[in-house]
Amino acid sequence: MPEVIRKVNVIGHLHPDTDSICSAIAYAYLKNQIGDTQYEARRAGAINRETAFALKHFGFEEPQLITTVTPQIKDIEISRQRGIDGEMSLYAAWNLMRDTKTGTLCVVDQGGNLLGLVAVKDIASANMDIFDTAVLSSSKTRYSNLLTTLDGEMVCGDPEGSIERGDIRVGTTPEMMDGNVEQDDIVLVTNRYETQRFAVEAGAGCLIICNGAQVSHVVVEAAQANGCTVITTPYDTYAAARLVSMSIPVRARMLSAENVLRFSVNTSIDEAQKVMARSQHRFFPVMDEGGAYCGVVSSPNMVNVKKKHVILVDHNERSQAVDGLEQAEIMEIIDHHRIGSIETSGPVLFRNMPVGCTSTIIYDIYQENGVEIPADIAGLMLSAILSDTLAFRSPTCTPRDKYVGEQLARICGEDIDSYADAMFDAGADLTGRTAEEVFNSDFKVFSRGSVRFGVGQGSFMTESSRKAAEALVGPYLKAAAAANEIPMVFYMFTDVKTQTTEMLYWGQDTEEIVSRTFGATPKDDIAVLPGVVSRKKQVIPPLMATLQEMEQE
């Protein structure tokens, strides 16, 4: 029987650019129109200001962040065991454990917040603690618990009241009780009138009459006059004495919440298994997204893990993908870059075309499925194409990109030139931004064999905005290399209108690498590259070739 897919995440690459985000949203919308499964666009990192401008302009919220597709507790079968009230008696809890065949119950408040956990061993321990005669009063046990535990009937008293003082005593004869029964004690007696009367007059707070014996009106009147609660039970004295301590509330014996090991539905399976291996507990409470209790898990639950299902857009390299991809089920890849390093466990739909933008490919898929593109979705797709092709100026731009861009502009009602200028200006705005934020606006890590490096790119409409970005990001390149655990970094500062890139770099031999790759003579750690505007087509392939040549020398 095929696996039921709960949800499919449509995800772009790390350090997402406008194409990565807008294509994810557009493709998720398309898939939701033609299929029964739920598709949801997600982002694998913080969005840049250019993308934020496009989303706001066309009325979209930014997609929810996803940091890993590693299986989580939410991807297994959680035992939806209901939480219990802390006032439930140990006896009722034990019966519930027996009926549900579980050894652990979670105690929650009315809001679903975890208060504690009670296990079979806690009930067994309480049952064996026969010398704690003050257990009912110390735990403020409700009379209602006594009634249900003893299958009793209240002759007089308040069932909603609680036992505040007194020890448990067994009354046999007045002579034996004389001097032993103290004020507010809980006394178990049989059918002897004189024993019942003596216990009441000795100051007992509660009289438990066993064997279903009748209570004379004289005893009842005396009890009422002395403020003594009277309960009858069908059990004999031995059974009643054994059961009475089991009427205490579970809160008195539970492991308090601060000492309970628990998991969130977002906890990874790997992390949960490590915790379980170090713990003596068998069952672990699970908290939902809002922090409320929603069930329990144990080691057997970890056997049948449901992998997360993902569709990758705008990338097909492992170094650019979200964490945990090797533990997920990749369903599709829609991309326009070189074939990278992602491997799949089985055949998947892989659509890779030599065009300038992923959204161009997605436009074709809309047409093939006969799905009308809404104006707002068209606006996002146009934004992606303009961003990736530098408003049709990039050498990666194909006639198909331009045609699709013009069609989308008609659908969303935007003038291409004015909208592109506004979008690029928004992306170049450095107000309040840190070097790290600007650097990560569009940065990717590439690898082939032992060669591993990163290339970032920013696009600017004016020289002043480009120079300001260079001054901000340049000193950060060393820290960026360390943060991404790569030996070298290259960053492209591209002037859209002049179609020129100034490249900054950091790392061993990077100046020689830039010089050999582009035939440029760097000055002050900047290489001016006229006509170079495409990272995908004009930078990555020659850089790869140079690095591999140098590795073989």
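Here the residue index of a chain counts from 1 through its sequence in written order. Since the coordinates come from a predicted model, pLDDT governs what is reported: local features require at least 70, and pairs of side-chain atoms require 80 or more to be given and counted, while whole-chain, interface and lining totals use all residues. As a rule here, side-chain values cover all heavy atoms of the structure and leave hydrogens and water aside.

### Thoughts on the packing of helix α13 (residues 375–388) against helix α15 (residues 416–428)
Part 1 of the reasoning: Where α13 contacts α15, the axes come no closer than 10 Å and their chain directions differ by 75°. With respect to their mutual orientation, α13 and α15 come out roughly perpendicular. Contacts from L382, S383, L386 and S387 in α13 reach I416, Y419, A420, M423 and F424 in α15. Angles shown run from 0 to 180 degrees and are taken between the N-to-C directions of axes, each axis being a line fitted to C-alpha atoms and, for helices, limited to the stretch in contact. By definition, any uninterrupted DSSP run of H or I lasting at least four residues is a helix, any uninterrupted run of E lasting at least two residues is a strand, and each is numbered from the N terminus. Here is the rule for angles: anything less than 35 degrees is roughly parallel, anything more than 145 is roughly antiparallel, 65 through 115 is roughly perpendicular, and the remaining ranges are oblique. Contacts are assigned to residue pairs that have any heavy atoms within 4.5 Å of one another.

### Remarks on the packing of aromatic side chains
Part 1 of the reasoning: Any two rings among Phe, Tyr and Trp, with Trp reduced to its six-membered ring, count as a pair given centres within 6.5 Å; such a pair is stacked if its planes are under 30 degrees apart, edge-to-face if over 60, and tilted if neither. The final tally for this structure, using the stated rule, is 10 aromatic pairs.
Part 2 of the reasoning: Between F460 and F493, the aromatic rings sit 6.3 Å apart at their centres with planes inclined by 20°, giving stacked as the arrangement. Linking F460 in strand β19 (residues 451–460) with F493 in strand β20 (residues 488–495), this pair joins segments that are 33 residues apart in sequence. Take F460 and F493: they sit in the same class, and that class is buried.
Part 3 of the reasoning: Look at Y491 and F493: their rings are 5.0 Å apart centre to centre, the planes differ by 40°, and that puts the pair in the tilted class.
Part 4 of the reasoning: Taken together through their ring pairs, the aromatic side chains of F439, F443, F460, Y476, Y491 and F493 make up a single cluster. Each residue gets one of three labels from its accessible area relative to the maximum for its type: buried under 20%, exposed over 50%, partly exposed in between, using a 1.4 Å probe on protein chains only.

### Re the domain arrangement of the protein
Part 1 of the reasoning: What the domain assignment lists for the protein is domain 1 (7–70 + 308–422), domain 2 (75–126 + 252–302), domain 3 (142–247) and domain 4 (435–551).
Part 2 of the reasoning: The distance between the C-alpha centroids of domain 1 and domain 3 comes to 75 Å. The split into domains, and so the bounds of each, comes from an automatic or database assignment of domains.

### Observations regarding unusual backbone geometry
Backbone phi values are negative for most residues with the exception of glycine, while trans is the configuration of most peptide bonds.
Part 1 of the reasoning: Positive phi is not limited to glycine here, since K101 has a value of about 55°.
Part 2 of the reasoning: Considering the arrangement of structural elements, one finds K101 in the loop between α3 (90–100) and β4 (104–108).
Part 3 of the reasoning: Despite not being glycine, N211 shows a phi value in the positive range, around 65°.
Part 4 of the reasoning: Along the chain, N211 turns up in the loop between β9 (206–209) and α9 (217–226).

### Considering empty space enclosed by the protein
Part 1 of the reasoning: Using a grid of 1 Å spacing that covers the protein atoms alone, one calls a set of points a cavity when a 1.4 Å probe fits there but cannot get out, and a pocket when the set is open and has protein on both sides within 12 Å along at least five of seven lines; lining residues are those with an atom within 4 Å of a point. Grid points are joined across faces, edges and corners, and a volume is the space filled by probe spheres set on the points. If you walk through the whole model with that rule in mind, you get one cavity of 30 Å³ or more.
Part 2 of the reasoning: By volume, the largest cavity is sized at about 30 Å³.
Part 3 of the reasoning: Taken together, L117, L255, N259, V260, L261, H281, F283, F284 and P285 form the lining of the largest cavity.
Part 4 of the reasoning: Under the grouping applied here, Gly and all other residues not named as nonpolar or charged are polar, the nonpolar ones being Ala, Val, Leu, Ile, Met, Phe, Trp, Tyr, Cys and Pro and the charged ones Asp, Glu, Lys and Arg. Here the residues of the lining of the largest cavity are counted per class, giving seven nonpolar, two polar and no charged.

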